[in-house]
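# Overview (structure and organization)
Now for the letters of each chain:
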Amino acid sequence: MLLIRPCQMSDLDDLMALSRAVGRGMTSMPADEAAWLSKIEATTRSFSAQGAEDPMGTYFMVLEDPASGRVVGTTAIYTGIGLDRPFYSYKVSTLVSSSSDLAVTRQARVLSMVNDYTGATEVGSLFVLPEYRKPGVGQFLSRARFLTMADFPERFGETVMAELRGWQDENGNSPLWQHLGSQFFGIEFQDAVNTVALKGTQFISDLMPKYPIYIDLLPQEAREVIGKPNDSSAPALHMLKKEGFQFTGYVDLFDGGPSVQCPVGEVHTVRDSHQGQVRISFDITEQDEMYMLSNGNLNDYRVMLAPARMAADGTLMINQETAQALGINHTAPNARYIPFKRNQQAHAVAA
């Protein structure tokens, strides 16, 4: 049985351990206690009635091992990105120039720094400890966020995006940073990542050139990684595309990782999930079809991956253990659910 819930103060030690396991490049999970305390407090606020009034929100959730109570994975939704501090991306576009005298028309790809995702909803912070990376776990963490959006649609923007970690070599070096970002900032890649995580993006406004950068003037090894995901993020990108996300030319300012987007209402899990009545059955076993289920209870939110069976009358049958974990009883016999097939795996989505 797998259980996802909002993070809480008692998770702090586990979250710090996860930060150390994440490694380089994941700006949303720095190994900094103050940053985690702020994120936990923001999540508590978002998962409350008062949180609906906020233009920005943090819905940071954890994967709990029910046997030990240990936090072994993370996943998150961030609303209103770019409203408190600029959310920068590069937009890959094409400039066309021509000369009638020479009868020549030339095209050049350029990187332009933009804030086009301001106000959008972002999904990110997807990570699973290596020992828990089994088929379906990454998919569950990824899709649980979309079940949350279906439960509380009024809290999320019209567009949802994901910014994936860009390609790095075996030593953790980013070719795009080495040949572009470092020329303007004069610091190491990880120092830039940590600065964004802990201090914000003002230094980008201060130092990054405002004019388009011609891609053809960059070395070949830098050009090749623009829009290329990190090897560990490639399965996550595949899953997002299966949910309806598309790459539209936006890449990360530091490492060139791709950003993908989709209207919230067109995300497949949001569109295809159902909310309906459930009831307890004592003959549901692990041999039954797997479902993702959420209890829709903002104050005690839970998402589960568990066996269930659709009855002839349209009621979803679940076992006692699932009902208890979700907090479902005869006074609140409803849940949101969608069938789940264990055919994908992902470990991390950089954010």
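Anything mentioned here points back to the structure above.
These remarks concern the structure in this document.

### Comments concerning the packing of helix H1 (residues 12–22) against helix H2 (residues 33–46)
The relative placement of two packed helices comes down to the angle between their axes together with the axis-to-axis distance. Packing of H1 against H2 brings their axes to within 10 Å, and their N-to-C directions diverge by 120 degrees. Regarding the angle of H1 to H2, the classification is oblique. Considering the relative orientation of H1 and H2, their crossing is right-handed. In this structure, H1 contributes Leu12, Leu15, Met16 and Ser19 to the contact, and H2 contributes Glu33, Trp36, Leu37 and Ile40. Among the residues making up the contact of H1 with H2, the classes are represented as 6 nonpolar, 1 polar and 1 charged.

### Structural notes on the pattern of salt bridges
The full count for this structure, using the stated rule, is 11 salt bridges. Arg143 serves as the salt-bridge partner of Glu243, at 3.2 Å between the closest nitrogen and oxygen. Separated by 100 residues along the polypeptide, Glu243 in the loop between helix H8 (234–242) and strand E9 (246–251) and Arg143 in helix H3 (residues 137–151) bring together distant segments of the chain. As far as burial versus exposure is concerned, Glu243 and Arg143 are alike and both buried. With its nearest N and O atoms 3.4 Å apart, the salt bridge here joins Arg309 to Asp283.

### Regarding a nonpolar patch on the surface
A cluster of nonpolar side chains, namely Leu95, Tyr214 and Leu217, defines an oily patch on the protein surface of about 320 Å² accessible area. Of note, Leu95 is situated in strand E4 (residues 89–99). The partly exposed category is assigned to Leu95, whose relative accessible area is 36%.

### A few points about the packing of aromatic side chains
Scanning all chains against the criterion turns up 15 aromatic pairs. A centroid spacing of 5.2 Å and a plane angle of 50 degrees characterise the contact between Tyr59 and Phe156, whose relative ring orientation is tilted. Taken together, the residues Tyr59 in strand E2 (residues 57–65) and Phe156 in the loop between H3 and strand E7 (159–163) connect sequence positions 97 residues apart. With relative accessibility at 2%, the residue Tyr59 sits in the buried group. Ring centres 6.2 Å apart and planes at 70 degrees place the aromatic pair Tyr291 and Tyr337 in the edge-to-face group. One end of the pair, Tyr291, is in strand E12 (residues 290–294); the other, Tyr337, is in strand E15 (residues 334–339), with 46 residues separating them in the sequence. Each member of the pair, Tyr291 together with Tyr337, is buried. Directly above the aromatic system of Phe146 lies the positively charged group of Arg145, at a separation of 5.9 Å from the ring centroid.

### Observations concerning H3
Here H3 spans 21 Å end to end across 15 residues, near enough to the 21 Å set by a 1.5 Å rise per residue. Most of H3 sits inside the fold, with 15 of its 15 residues counted as buried.

### Quick look at unusual backbone geometry
Positive phi outside glycine occurs at Ala103, with the angle close to 55 degrees. Inspection of the secondary structure puts Ala103 in the loop between E4 and strand E5 (104–114).

### Quick notes on the environment of Glu188
Inspection of the secondary structure puts Glu188 in the loop between helix H4 (175–185) and helix H5 (189–199). Owing to a relative accessible area of 58%, Glu188 belongs among the exposed residues under this scheme. Taking C-alpha positions, Glu188 is 9.4 Å from Asn173, a pair spaced 15 residues apart along the chain.

Rules of the game
Residues numbered from 1 in each chain as written. Predicted model: local features only at pLDDT ≥ 70, side-chain atom pairs only at ≥ 80, totals over all residues. Heavy atoms only, no water. Axes fitted to C-alpha atoms, helices over the stretch in contact; angles between N-to-C directions. Helix = DSSP H or I, 4+ residues; strand = E, 2+ residues; numbered from the N terminus. Parallel < 35°, antiparallel > 145°, perpendicular 65-115°, else oblique. Left-handed = near helix turned anticlockwise from the far one by under 90°. Contact = heavy atoms within 4.5 Å. Nonpolar A, V, L, I, M, F, W, Y, C, P; charged D, E, K, R; others polar. Salt bridge = Lys/Arg side-chain N within 4 Å of Asp/Glu carboxyl O. Buried < 20%, exposed > 50% of the residue type's maximum accessible area, 1.4 Å probe, protein only. Patch = residues over 30% accessible without salt bridge, like charges linked within 9 Å, V, L, I, M, F, W, Y side chains within 5 Å. Areas by Shrake-Rupley, 256 points an atom, 1.4 Å probe, with all protein chains shown as cover. Phe/Tyr/Trp six-rings, centres within 6.5 Å; stacked < 30°, edge-to-face > 60°. Lys NZ or Arg CZ within 6 Å of the ring centre and 35° of its normal. Expected span 1.5 Å × (residues − 1).

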